[in-house]
There are 2 protein chains.
Amino acid sequence: MKIGLIGLGIMGKPMAKNLLKAGYTLLVNNRSEAPMKELAACGATPATQAEIGEQCDVVLTMLPNSPQVKQVMLGEDGVAAHMRPGTTFIDMTSINPIASKEIAAALAEKGIEMLDAPVSGGEPKAIDGTLSFMVGGKQEVFDRFKPLLEAMGTSVVRCGDVGAGNTTKLANQIIVACNIQALAEALTLAQKAGVDPQLVFEAIRGGLAGSTVMNAKAPMMIAGDPKPGFKIDLHIKDLNNALDCAHTVGCPVPMTAEVQEVLQWLHNQGEGQHDHSCIAHYYEKLTGIEIGR
Amino acid sequence: MKIGLIGLGIMGKPMAKNLLKAGYTLLVNNRSEAPMKELAACGATPATQAEIGEQCDVVLTMLPNSPQVKQVMLGEDGVAAHMRPGTTFIDMTSINPIASKEIAAALAEKGIEMLDAPVSGGEPKAIDGTLSFMVGGKQEVFDRFKPLLEAMGTSVVRCGDVGAGNTTKLANQIIVACNIQALAEALTLAQKAGVDPQLVFEAIRGGLAGSTVMNAKAPMMIAGDPKPGFKIDLHIKDLNNALDCAHTVGCPVPMTAEVQEVLQWLHNQGEGQHDHSCIAHYYEKLTGIEIGR
């Protein structure tokens, strides 16, 4: 089985290396050349997008967002124009599930199957091959390519038909963003009311308020540590997709919209490259305090 | 040491029983007589509020909210008027921390110490004696009465000076309410986009979106189970205190305000006695779906 991977960024590059380690024959393509050379040294074959479409049994993409995936696959002289019927496209980009369905419909006309398979877990998990894949697509296609994804991740879960992977990812990102803002709001109130946020964290983390977000982000808020983790600009991208998807399917998402506005404001303050736990800075700016300090 | 407990409701009654089991001498008072008779049969002494004030070394209250605590303690012929200097008041009610500070200040003028010691954990944990106490007050007063509280709970944590217990409780309630609404919003979006919320839950619970709220409440939302748990009307009470406290100390709490409006709407729909996870009904009503069904 010959595999093509388009998109060798922060995530795509280590994922490609894990495919090579697992023994797959891999063609790679990227907008800039340096990562292709690096992958060639690891045993991959640099190729044009047309060559990947012509030669590969399965084409993977790991790109910034929906427009890039659509352009690469369905744009003029796109990859899909070069793929044979019976081949498969697996998009690992986090995009709008509505776009996933549109791309799948266009590919189906050419006899090409598709899975949407966005991941959670950042660069370290991409390097370790311990990503979590949320996958949408037909059961038999999922079953065929699950071992391929398992070369890059430890959790590979089918959530439904095409689009279900990205829908699940959006649900995940909504919950994470809201849980972070709730934590920041609560810790700010505590400190403004004269209570040490560290003691609040320790007192409540074992109860119903406890969460993975609290364990990961409360210490960062208290220490004032902006190092990502997961960047505000990427979370803005995901929540824009969530709002867009929600508007399309007719679901009110008032809390998501509220968090998105706060993240957008932080972006405008120059914090786009900071960790999303810097939502706390919104409250700190408004109240003139620094959480935990 | 003679102890008085005022307020033998759903929480106060089992807490009183645990004090008796631990061997304490207990005077009890309640607005209605039935719980006093029940406690008398367990070894407590029914008493008026004045008698409790006159005879007890430490007076505990477990009442509905701030106004009731103020009325019982500081109202005309209130308990405080009967207490001796050197005695202690421990309020286990969840109230506004600003009110806790006001009551403590009034008691300090009479030489009476105070702890605010609200709990988390509902009736089952009150019965089992496994409540979590969040305590505010002087360190030496806390140290003296920690064993007393440990007769009713397994976690007794000092969070700072008077008011810190209730401030911590408010932070807890803000996070719980917001996490529940975020979960409901995300699961509704998933279902409206055609994905089974149960699969979403299973796919994301192990990642950054995971929380105690998710593990406890996602199954209730999916099953449509309204049995409390923790009632919407009680959460409204707590968030009103949070908003009131926030306004007093000058902290913006937009997310808390948003959840409070949703809970208030649910109350007006007749859902006040349902579990707070019925926040999901707001989304279900707006979208015409039932999560998971």
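Described in the following lines is the structure provided in the data block. Because the structure is a prediction, the values reported are computed rather than measured.

Reading the values: the criteria
- All chains use their own residue numbering, which begins from 1 and follows the written sequence.
- Both sets of labels track the order of writing: A upward for chains, 1 upward for ligands.
- Confidence filtering applies because this is a predicted model: local features only for residues at pLDDT of at least 70, side-chain atom pairs given and counted only at 80 or more, and all residues used for totals across whole chains, interfaces and linings.
- Side-chain measures were taken over the full set of non-hydrogen atoms in the model, leaving aside hydrogen atoms and water.
- Only DSSP runs of H or I with at least four residues qualify as helices, and only runs of E with at least two residues qualify as strands; both kinds are numbered from the N terminus onward.
- Two things to know: the radius of gyration comes from C-alpha atoms, and the globule rule equals 2.2 Å times the number of residues to the power 0.38.
- Only protein chains enter the accessibility calculation, which uses a 1.4 Å probe. A residue is then buried if its area is under 20% of the maximum for its type, exposed if over 50%, and partly exposed in between.
- The criterion used for residue contact is that any of the two residues' heavy atoms lie within 4.5 Å.
- Calculation of accessible area relied on Shrake-Rupley with a 1.4 Å probe; when residues are assessed, cover is drawn exclusively from the protein chains displayed.
- In this count, Lys and Arg are taken as positive residues and Asp and Glu as negative ones, while His and the chain termini are left out.
- Charged side chains are reduced to one point each, which is NZ for Lys, CZ for Arg, CG for Asp and CD for Glu.
- We place the copies in one frame by least squares, fitting the C-alpha atoms of every residue whose pLDDT is at least 70 in both.
- Convention adopted: a line fitted to C-alpha atoms gives each axis, helices being fitted over their contacting stretch, and angles between N-to-C directions are expressed from 0 to 180 degrees.
- With respect to orientation, any angle under 35 degrees is reported as roughly parallel, any angle over 145 as roughly antiparallel, any angle of 65 to 115 as roughly perpendicular, and every other angle as oblique.
- Note: crossing handedness is left-handed where the near helix turns anticlockwise from the far helix by less than a right angle, and right-handed where it turns clockwise.
- Under the convention adopted here, Pro, Cys and the residues Ala, Val, Leu, Ile, Met, Phe, Trp and Tyr are nonpolar, Asp, Glu, Lys and Arg are charged, and Gly plus all remaining residues are polar.
- In plain terms, two cysteine sulfur atoms within 2.5 Å form what is called a disulfide here.
- The term buried area refers to how much accessible surface (probe radius 1.4 Å) is lost by two components on association, counted for both of them together.
- Think of a salt bridge as a Lys or Arg side-chain nitrogen and an Asp or Glu carboxyl oxygen that are within 4 Å of each other.
- A 3.5 Å cut-off defines polar contacts: any pair of N or O atoms within that distance qualifies, except that in protein one atom must be a possible hydrogen donor and the other a possible acceptor, and neighbouring residues in sequence count only when both atoms are side-chain atoms.
- Expected helix span is taken as 1.5 Å per residue step, with the number of steps being one fewer than the number of residues.

1. Structural notes on the overall build of chain A
Phase 1 of the analysis: Summing up its helical and strand segments, chain A has 13 helices and nine strands in all.
Phase 2 of the analysis: Computed over the C-alpha atoms, the radius of gyration of chain A is 21 Å, within 12% of the 19 Å expected from 2.2 N^0.38 for a compact globule of 293 residues.
Phase 3 of the analysis: For chain A, the C-alpha atoms occupy an extent of roughly 65 × 45 × 35 Å along the three principal directions.
Phase 4 of the analysis: Sorting the 293 residues of chain A into buried and exposed places 58% on the buried side.
Phase 5 of the analysis: Once local pairs closer than 6 in sequence are excluded, the contacts in chain A between residues at least 24 apart make up 67%.
Phase 6 of the analysis: Accessible surface for chain A amounts to roughly 10,800 Å². Of this, 51% is attributable to carbon and sulfur atoms.
Phase 7 of the analysis: Separation of charge centres in chain A, based on 24 positive and 31 negative side chains, amounts to 4 Å.

2. A look at the relation of the copies chain A and chain B
Phase 1 of the analysis: Overlaying chain A with chain B gives an RMSD of 0.1 Å, the required rotation being 180 degrees about an axis along which the chain moves by 0.0 Å. Such a combination of turn and shift is consistent with a two-fold rotation axis. Taking C-alpha positions as the reference, the residue of chain A nearest the rotation axis is Ser211 of chain A, at 1.9 Å.
Phase 2 of the analysis: Mapped onto chain B, 100% of the interface residues of chain A again fall at the interface, so both copies present the same surface.

3. Quick notes on the packing of helix α8 (residues 164-192) of chain A against helix α12 (residues 254-271) of chain A
All names here are of chain A.
Phase 1 of the analysis: Interhelical geometry of α8 versus α12 gives an angle of 65 degrees and a closest axis separation of 10 Å. Regarding the angle of α8 to α12, the classification is roughly perpendicular. Crossing handedness for the pair α8 and α12: left-handed. Of α12, the residues touching α8 (which contributes Ile174, Ala177, Cys178 and Gln181) are Met255, Thr256, Glu258, Val259 and Val262.
Phase 2 of the analysis: For the contact of α8 with α12, the per-class residue count stands at six nonpolar, two polar and one charged.

4. Some points on the state of the cysteines
Phase 1 of the analysis: Tallied over the full model, the rule gives zero disulfides over all chains.
Phase 2 of the analysis: The thiol of Cys278 of chain A is not disulfide-bonded; the next cysteine sulfur, from Cys251 of chain B, is found 17 Å away.
Phase 3 of the analysis: In this structure Cys278 of chain A comes out as buried when scored by relative accessible area, which is 2%.
Phase 4 of the analysis: A disulfide-free cysteine, Cys251 of chain B has its sulfur positioned 8.5 Å from the sulfur of Cys245 of chain B, the nearest such atom.
Phase 5 of the analysis: The class of Cys251 of chain B is buried, set by a relative accessible area of 4%.

5. Describing the interface of chain A and chain B
Phase 1 of the analysis: The interface of chain A with chain B comprises 57 residues on the first partner and 57 residues on the second.
Phase 2 of the analysis: Of the roughly 4,700 Å² buried between chain A and chain B, counting both surfaces, carbon and sulfur atoms make up 75%.
Phase 3 of the analysis: On the chain A side of the contact with chain B, Leu189, Leu208 and Met255 of chain A bury the most area, a combined 15% of that side's loss.
Phase 4 of the analysis: Between the two partners, chain A and chain B, sit zero salt bridges.
Phase 5 of the analysis: On inspection of chain A and its partner chain B, the count reaches eight residue pairs in polar contact (both at pLDDT 80 or more).
Phase 6 of the analysis: Top element by residues in the side of chain A that touches chain B is α8 of chain A. It accounts for 19 residues.

6. Notes on helix α9 (residues 197-204) of chain A
Phase 1 of the analysis: Taken together, the buried positions of α9 of chain A are occupied by Pro197, Val200, Phe201, Ala203 and Ile204 of chain A.
Phase 2 of the analysis: Looking at the buried side of α9 of chain A, the elements it contacts are α8 and α10 (212-223) of chain A together with β8 (131-136), β9 (153-160) and α8 (164-192) of chain B.
Phase 3 of the analysis: Capping the start of α9 of chain A is the job of one residue whose side-chain oxygen sits 2.9 Å from the backbone nitrogen of Gln198 of chain A: Asp196 of chain A.

7. So, the environment of Glu38 of chain A
All names here are of chain A.
Phase 1 of the analysis: Following the sequence through the fold, Glu38 ends up in helix α2 (residues 34-41).
Phase 2 of the analysis: With a relative accessible area of 31%, Glu38 lands in the partly exposed category.
Phase 3 of the analysis: For the pair formed by Glu38 and Pro254, sequence separation is 216 residues and the distance between their alpha carbons is 45 Å.
Phase 4 of the analysis: Excluding its chain neighbours within four sequence positions, the residues that come into contact with Glu38 are Lys13 and Lys17.

8. Regarding the pattern of salt bridges
Phase 1 of the analysis: Summed over the entire model, instances satisfying the criterion amount to 21 salt bridges over all chains.
Phase 2 of the analysis: A salt bridge links Arg293 of chain A to Glu290 of chain A, with the nearest nitrogen and oxygen atoms 3.6 Å apart.
Phase 3 of the analysis: Exposure remark for Arg293 of chain A: the relative accessible area of 47% places this residue in the partly exposed category.
Phase 4 of the analysis: Glu150 of chain B is the partner of Lys146 of chain B in a salt bridge, and the nearest nitrogen-oxygen pair spans 3.6 Å. Linking Lys146 of chain B with Glu150 of chain B, this pair stays in helix α7 (residues 139-150), spanning four residues, or about one helical turn.
Phase 5 of the analysis: Here Glu150 of chain B falls in the partly exposed class, since its relative accessible area comes to 39%.
Phase 6 of the analysis: Several salt bridges share partner residues, and in doing so they unite Lys13, Lys17 and Glu38 of chain A into one network.

9. Description of helix α10 (residues 212-223) of chain B
Phase 1 of the analysis: With twelve residues, α10 of chain B extends 17 Å between its outermost C-alpha atoms, agreeing within 8% with the 16 Å of an ideal straight helix rising 1.5 Å per residue.
Phase 2 of the analysis: Every buried residue of α10 of chain B is accounted for by Val213, Met214, Lys217, Ala218, Met220, Met221 and Ile222 of chain B.
Phase 3 of the analysis: Among the structural elements, α8 of chain A together with α8, α9 (197-204) and α13 (279-287) of chain B are those in contact with the buried residues of α10 of chain B.
Phase 4 of the analysis: Looking one or two places after α10 of chain B, you find Gly224 of chain B, whose phi comes out positive at around 70 degrees.

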